Structure formats: C-alpha cells, structure tokens
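Geometric and topological summary
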Amino acid sequence: MLNDGTLLLVGCGKMGGAMLQGWLDRGLVGSQVTIIDPSAKAPYMQPFVKQGVQAIETLEELSGSFSPDYILFAVKPQMIDATITSYQPYAEQGAVILSVVAGKQISFFEEHLGADAAVVRTMPNTPAAVSRGMTVLYANQNVSEEQAIVCEELMAAVGETAWLEDESQIDAVTGVSGSGPAYIFYLAECLAQAGVDAGLPKELAQKLADTTVSGAGELLRLSNDSPSQLRINVTSPNGTTQAGLNVLMADDGLQPVMSKTVAAAAKRSKELS
C-alpha cells in the first residue's frame, strides 16, 4: 500500500495499534513504519518491533536524515496541540498528513504546518479494533490523487471507507458512525433489560440480546438486501415481530429518538471543532 514509502505513526494506542496490525496483516513491511509513542518500550509493542517496526518514545530520537512519506496522527486532541509544530519540517518536505484526531479540522494542520501541507482528515470508529470499522476521509486541495489512494488503502486495513465532498459533513458522520457503536451497545443493554422485565434470567437475557445484535449486524453486512427489506423478511403479518415494530415505528418511536440522538452528537462535534 505504500510501495517503497515510509510511514510515521504518531500514537500507537487502541486505534493506532489496530491500524498498524491491519497494515502488517495486509503485507506491509514492518521496516516501513516508525512509531512515536511514550509507551514505545512497553511489552505490548514488542510484537510490532519483532516484525521490523521501529518504536521510539520521542520525535527527537529520529535520525536527522529521516523523511517520512506519510505521517499518521492517532493521538488525543489535547496531545497534538503541544507537538504539532515539531512536524512542520516533514510537511514542508512533502509528507502527507493523515489524521484520525477527533475534532481537529484541516485548517488546524494548515495553520501549524503551512498552507501547502497535504492533509487528509479521517473519522474512524471503534469497530476498527476488529477490522470492522467505518472510516470517512476528506482531503485538502494539496493531496494528489495517488496520495489519496494510499491514504484510503491505509484506512481500509481496519474496515470500510468513504470520501466526503465537504468537511463540514464530518460532524454528521460523527453522530452516525463515530458515536454509533455506543448507540448499538446501549441497544443491546436495553434489549437485555427488556428481556429481564419480561421474566428472563439476567444472564440469559444479556446473551440473547448480545448475540441477536451482533448476528443481525453480520447478516446486514453480508446480505445484498437493504435494512428495510431484511426487516420485512423477518416480519410476519400480525405476528409477534409486527406487534413489537408497531411500538418502535410509532410516531413517538425509535426514529425521532434516533434523529435527536444523532443531531445532539453532531452538534457537540461541531462545538468541539
């Protein structure tokens, strides 16, 4: 995916580590990647190091001749504020900046790295940890078509990808896929509690809910049918499923609640940006 290029991964926590593992699984040569992370010497880094990845704790440890083709920031927003300008020389040398930092707009990187910096902003979600993520990307005008393809391939290592036409759409994306896994987990919680309320033992109710949510998700992923059609397929007229859907699909049912949920998350995303 990088050909003979090199990548500097800034931050190797859950998201950064998941992406790195995805790259290595797809055949990326470990020696093409350098990690900067305060925990570079931690035991969980050793499997990466054994595959040829260089892991260092600070930017100052890099060789003066090192010039990465891509720099991927996978750190918390507050951490990048204090260090971003240190990467300006690499941006000036042509390194593409790929960001998974929540809330940091393209303008933030252009302001600190230069107006000519090539920047791709992304919004992944936590299922990336099991290679079932959803990542959207948005590139500024300095990113070439070839560079955009490489960035998409890097993010595709942990799931599906899609490009945005307008950066402002990231707030809505945050409300749907960025925060969406938490909504699904809460759905599993609620479904299990409903089972308990209906008389089931708690452990059994939770197992039924968890398996149903995960199984339905996998069916949706593998099926060529739309969610609407899959719903219709399992709904017999005047049957038990229809009785339940009559509640969920009422005027005050799930759809208005979900719309309010996504709108609230998108609004907060905009505020944080």
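Overview of the structure. (Residues numbered from 1 in each chain as written. Predicted model: local features only at pLDDT ≥ 70, side-chain atom pairs only at ≥ 80, totals over all residues. Heavy atoms only, no water.)

The next subject is the pairing of strand 1 (residues 7-10). In strand 1, alternate side chains face the same way, and those of Leu 7 and Leu 9 on one face and Leu 8 and Val 10 on the other are all buried. Pairing of strand 1 with strand 2 (residues 33-36) involves four bridges; the strand directions are parallel. When the sheet's bridge partners are listed, Leu 8 is paired in strand 2 with Thr 34. By the bridge criterion, four bridges tie strand 1 to strand 4 (residues 70-73) in an arrangement that is parallel. (Buried < 20%, exposed > 50% of the residue type's maximum accessible area, 1.4 Å probe, protein only. Helix = DSSP H or I, 4+ residues; strand = E, 2+ residues; numbered from the N terminus. Pairing = 2+ DSSP bridges.)

As a further point, take the packing of aromatic side chains. Scanning the model with the defined rule gives four aromatic pairs in all. Consider the rings of Phe 73 and Phe 109, whose centres lie 6.2 Å apart with planes at 35 degrees: the pair is tilted. On the criterion of sequence distance, the pair formed by Phe 73 in strand 4 and Phe 109 in helix 5 (residues 106-113) is long-range, its members being 36 residues apart. The burial state of Phe 73 is the same as that of Phe 109; both residues are buried. On the basis of an interplanar angle of 90 degrees and a centroid distance of 5.2 Å, the ring pair of Phe 108 and Phe 109 is categorised as edge-to-face. Aromatic ring contacts, followed pair by pair, group Phe 73, Tyr 87, Tyr 90, Phe 108 and Phe 109 into a single cluster. In this arrangement the basic side chain of Lys 104 is found over the ring face of Phe 108, its NZ or CZ atom lying 4.4 Å from the centre. (Phe/Tyr/Trp six-rings, centres within 6.5 Å; stacked < 30°, edge-to-face > 60°. Lys NZ or Arg CZ within 6 Å of the ring centre and 35° of its normal.)

Its volume calculated, the second largest pocket comes out at about 1,100 Å³. Together, 44 residues line the second largest pocket, and Ala 74, Val 75, Lys 76, Pro 77 and Val 100 are the ones closest to its centre. The greatest single-element share of the lining of the second largest pocket, amounting to four residues, is contributed by helix 12 (residues 254-272). When grouped by side-chain class, the residues that make up the lining of the second largest pocket number 22 nonpolar, 14 polar and eight charged. (1 Å grid on protein atoms, 1.4 Å probe; cavity = no way out; pocket = protein on both sides within 12 Å on 5 of 7 lines; lining within 4 Å. Points joined across faces, edges and corners; volume = space filled by probe spheres on them. Nonpolar A, V, L, I, M, F, W, Y, C, P; charged D, E, K, R; others polar.)

In this section: the sheet that holds strand 4. Taking strand neighbours across the sheet as the criterion, the eight strands line up as 3-2-1-4-5-6-7-8 in an open arrangement whose pairing is mixed. Of all strands in the sheet, those with a lone pairing partner are strand 3 (54-56) and strand 8 (159-163), marking the two edges. This sheet shows a mean twist of 20 degrees between the axes of neighbouring strands, independent of strand direction. Taken strand by strand, helix 1 (residues 14-25) contacts strand 1, strand 2 and strand 4, and its axis lies near 155 degrees from that of strand 1. Along the sheet, helix 6 (residues 145-156) makes contact with strand 1, strand 4, strand 5 (96-99), strand 6 (118-123), strand 7 (133-139) and strand 8, crossing strand 8 at roughly 150 degrees. (Axes fitted to C-alpha atoms, helices over the stretch in contact; angles between N-to-C directions. Contact = heavy atoms within 4.5 Å.)

The phi dihedral of Ser 131 falls on the positive side, at around 60 degrees, and the residue is not glycine. Checked against the element boundaries, Ser 131 lands in the loop between strand 6 and strand 7. For Asn 238, which is not glycine, the phi torsion reads 60 degrees and is therefore positive. Locating Asn 238 in the fold gives a position in the loop between helix 10 (227-233) and helix 11 (240-248).

Attention now goes to the environment of Val 143. Here Val 143 lies in the loop between strand 7 and helix 6. Distance from Val 143 to Ile 97, taken between C-alpha atoms, is 9.3 Å for residues 46 residues apart in sequence.

Turning our eyes to something else, we now look at the pairing of strand 4. Going residue by residue along strand 4, you find Tyr 70 and Leu 72 tucked away on one face and Ile 71 and Phe 73 tucked away on the opposite face as well. Both strand 4 and strand 5 contribute to a ladder of four bridges, which runs parallel. For Tyr 70, the partnering residue across the bridge sits in strand 5 and is Val 96.

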